[in-house]
Amino acid sequence: MSAFSSTDCAHMARALQLADRGRYSARPNPVVGCVIVNDGKVVAEGWHERAGAPHAEINALCAAGDEALGATVYLTLEPCAHHGKTPPCATALIEAGVGKVIAAMEDPFEAVAGRGLAMLEAAGIEIGVGLMASSARLLNEGFISRVTRGRPLVRLKIAASIDGAIAMSSGESQWITGPRAREDVQRLRARSGAVMTGIGTVLADDPSLNVRARELVTKDRQPLRVVLDSRLRMPLTAGMLTLPGTTLVCCTGDHDHSRLLDAGAEVCSFPATGEKVDVTAVLDELAIREVNEVLVEAGPALAGHLLEKELVDELVIYQAPHIMGSETRRMFVTPSIQALADRRRLDITDVRRLGDDTRITARMSN
């Protein structure tokens with residue numbers, strides 16, 4: 001199929017809306033939406049609700065019943081062709097007797113990677129690929145990052161005043177931004193497989209790094225809390241150790257882990273980069289743990305280090321409409337940036353108001 005109609009676009013747009021419903025619950029799987037159309041009428045819809053549950057195609061096929069025969073199926077991602085926690089969706093589509101499948105994109109996961117579409121085509125089902133592909137990739141950018149680059153997508157969150165301050169020189173920082181911005185951060189946490197910070201932030205602020213909005217996550221689906229702590233200074237009294245979910249403390253060298261383990265933490269030793277934990281090695285480990293997206297909520301040292309290492313994929317800056325003055329701490333510590341030519345360029349992808357604050361979303365420019 002070389003061209004898509006306006007009707008095809010409308011149905012795929014709906015499939016993308018359905019896929020987005022799994023934003024907070026489907027991880028580590030990709031989010032997927034499905035619309036089944038027969039004789040010009042939508043006969044069923046489905047989306048992937050959570051890992052281990054039926055995929056979008058199965059939910060839609062069950063709803064369609066006999067009306068799936070000869071139907072056109074709109075999918076935001078190629079149907080799986082392998083046995084994972086559930087049987088292959090490509091097989092289910094073939095057995096249902098659908099006539100056509102239009103997929104927004106191929107699945108980059110190596111166990112699929114075109115095999116699902118090939119199975120459909122071999123069974124005589126007409127296929128089309130590429131409709132609204134960019135929107136589909138955006139929905140699953142973390143999953144795509146993990147399965148193609150071997151590391152999660154890294155999103156760095158900053159709360160700052162309009163003059164770029166994240167705290168007063170004393171460390172006072174609560175609250176720079178308003179309640180709407182803080183609510184939005186809850187959504188960023190809920191979509192992330194892990195939330196990362198540095199030991200400096202833990203010692204200064206004792207953050208929880210959990211999702212408190214019940215409508216976004218259940219207590220057994222909290223993101224992994226990751227603390228970079230080269231010398232293992234993590235206090236046994238840290239509040240996050242008492243919360244549902246897992247806290248992973250990342251150190252270097254050989255330390256006595258026993259007290260932290262007894263306090264409920266998981267401790268892993270990683271290679272060192274100078275005096276710091278090798279963040280690349282930590283991201284590799286998180287990919288092995290099937291983390292698609294990492295949200296970094298940290299101080300200027302870790303934030304700057306990630307920028308210098310070119311490990312930040314997206315910046316989300318919540319900017320409050322006030323001036324904090326000169327006796328403050330800035331967003332980043334970046335000793336390698338010494339001249340204007342060293343600056344890191346950004347592509348602004350979104351700007352919107354959240355109450356009195358402004359949220360700026362940016363990608364690192366190539």
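Structure: see above.
Summarised in this report is the structure supplied together with it. Since the model is a prediction, treat every value here as computed from it, not as a measurement.

## Digging into the sheet that holds strand β4 (residues 100–103)
Logical step 1: Strand order in the open sheet formed by 5 strands is β2-β1-β3-β4-β5, with mixed pairing between adjacent strands. Where the open sheet ends on each side, the last strands, each with one partner, are β2 (41–47) and β5 (126–129). This sheet shows a mean twist of 15° between the axes of neighbouring strands, independent of strand direction.
Logical step 2: In terms of strand pairing, strand β1 (residues 33–38) meets strand β3 (residues 72–75) through 4 bridges, oriented antiparallel. Paired with Ile 36 across the bridge in β3 is Val 73.

## Points about the layout of surface pockets
Logical step 1: In this structure, the largest pocket encloses a volume near 1300 Å³.
Logical step 2: Class assignment of the residues belonging to the lining of the largest pocket gives a composition of 20 nonpolar, 13 polar and 13 charged.
Logical step 3: Of the pockets and cavities examined, the second largest pocket occupies roughly 1000 Å³.
Logical step 4: Lining the second largest pocket are 43 residues, and of these Arg 23, Arg 155, Leu 188, Arg 191 and Glu 293 lie nearest its centre.
Logical step 5: Listing elements by their share of the lining of the second largest pocket, those giving two or more residues are α5 (133–139), α6 (141–149), α7 (179–191), β15 (314–320), β17 (346–354) and β18 (357–364).

## Concerning the nonpolar core
Logical step 1: Core analysis: the biggest nonpolar cluster contains 38 residues, and Ile 36, Val 73, Leu 93, Val 98, Val 101 and Leu 120 have the highest contact counts within it.
Logical step 2: Setting aside anything within four residues of it in sequence, one finds Val 73 in contact with Cys 34, Val 35, Ile 36, Leu 93, Val 98, Lys 100, Val 101 and Ile 102.

## Section: the pairing of β18
Logical step 1: Direction of pairing for β15 relative to β18: antiparallel, over a ladder of 6 bridges. Considered in β18, the bridge of Ile 317 is made with Ile 360.
Logical step 2: Relative to β18, β17 runs antiparallel, the two being bridged by 8 bridges. If you follow Arg 352 over to β18, its bridge partner there is Arg 359.
Logical step 3: Hairpin connection of β17 to β18: 2 residues between the antiparallel strands, including Gly 355 at a positive phi of 65°.

## Quick notes on the sheet that holds strand β11 (residues 266–270)
Logical step 1: Reading across from one edge, β11-β10-β9-β8-β14-β6-β15-β18-β17 is the order of the 9 strands in this open sheet, with mixed pairing throughout. Here the strands that pair on one side only, and so sit at the sheet edges, are β11 and β17. In this sheet, adjacent strand axes meet at a mean angle of 25° when their direction is disregarded.
Logical step 2: Against the sheet, α6 makes contact with β6 (153–161), β14 (293–296) and β18, and its axis sits at roughly 135° relative to β6, the strand it touches most.
Logical step 3: Sheet strands touched by α7: β6, β8 (194–198), β14, β15, β17 and β18. Its angle to β15, the strand with the most contacts, is close to 165°.

## So, the environment of Ile 348
Logical step 1: Positionally, Ile 348 belongs in strand β17.
Logical step 2: Considered as a pair, Ile 348 and Ser 365 are 17 residues apart in the sequence and their alpha carbons are 9.2 Å apart.
Logical step 3: If near-sequence neighbours (up to four positions away) are discounted, Ile 348 is found in contact with Ile 360, Thr 361 and Ala 362.

## A look at the packing of helix α3 (residues 89–96) against helix α4 (residues 115–122)
Logical step 1: Orientation of α3 relative to α4, taken along the N-to-C sense of each, is 20°, at an axis distance of 9 Å. With respect to each other, α3 and α4 are oriented roughly parallel. The hand of the α3/α4 crossing is right-handed. Side by side, α3 and α4 meet where Ala 90, Thr 91, Leu 93 and Ile 94 of the first sit next to Gly 116, Met 119 and Leu 120 of the second.
Logical step 2: Tallied by class, the residues present in the contact of α3 with α4 amount to 5 nonpolar, 2 polar and no charged.

## Focus: α3
Logical step 1: Cys 89, Ala 90, Ala 92 and Leu 93 are the residues of α3 that are buried. The buried residues of α3 occupy an angular sector of 160° when the element is viewed end-on, so they sit on one face.
Logical step 2: On its buried side, α3 packs onto α2 (56–64), β3, β4 and α4.
Logical step 3: Just downstream of α3 lies Gly 97, where phi reads positive at about 75°.

## Brief notes about a nonpolar patch on the surface
Logical step 1: Taken together, Leu 346, Ile 348 and Val 351 make up a surface patch of nonpolar side chains, about 250 Å² in accessible area.
Logical step 2: You can see Leu 346 is positioned in strand β17.
Logical step 3: Since its relative accessible area comes to 33%, Leu 346 is described here as partly exposed.

## A word on the pattern of salt bridges
Logical step 1: Taken as a whole and judged by the stated rule, the model has 19 salt bridges.
Logical step 2: A salt bridge links Asp 313 to Arg 151, with the shortest nitrogen-to-oxygen separation between them at 3.1 Å. Of this pair, Asp 313 sits in the loop between α11 (300–308) and β15 while Arg 151 sits in the loop between α6 and β6; the two residues are 162 residues apart in sequence, bridging distant segments of the chain.
Logical step 3: Relative accessible area serves as the criterion here: at 12%, Arg 151 is assigned to the buried category.
Logical step 4: Here the residues in one salt-bridge network are Glu 141, Arg 155, Arg 191, Glu 293, Glu 314 and Arg 363, joined through shared partners.

Rules used throughout
Residues numbered from 1 in each chain as written. Predicted model: local features only at pLDDT ≥ 70, side-chain atom pairs only at ≥ 80, totals over all residues. Heavy atoms only, no water. Pairing = 2+ DSSP bridges. Helix = DSSP H or I, 4+ residues; strand = E, 2+ residues; numbered from the N terminus. Axes fitted to C-alpha atoms, helices over the stretch in contact; angles between N-to-C directions. 1 Å grid on protein atoms, 1.4 Å probe; cavity = no way out; pocket = protein on both sides within 12 Å on 5 of 7 lines; lining within 4 Å. Points joined across faces, edges and corners; volume = space filled by probe spheres on them. Nonpolar A, V, L, I, M, F, W, Y, C, P; charged D, E, K, R; others polar. Core = buried A, V, L, I, M, F, W, Y, C linked by side-chain atoms within 4.5 Å. Buried < 20%, exposed > 50% of the residue type's maximum accessible area, 1.4 Å probe, protein only. Contact = heavy atoms within 4.5 Å. Parallel < 35°, antiparallel > 145°, perpendicular 65-115°, else oblique. Left-handed = near helix turned anticlockwise from the far one by under 90°. Arc of directions from axis to C-beta. Patch = residues over 30% accessible without salt bridge, like charges linked within 9 Å, V, L, I, M, F, W, Y side chains within 5 Å. Areas by Shrake-Rupley, 256 points an atom, 1.4 Å probe, with all protein chains shown as cover. Salt bridge = Lys/Arg side-chain N within 4 Å of Asp/Glu carboxyl O.

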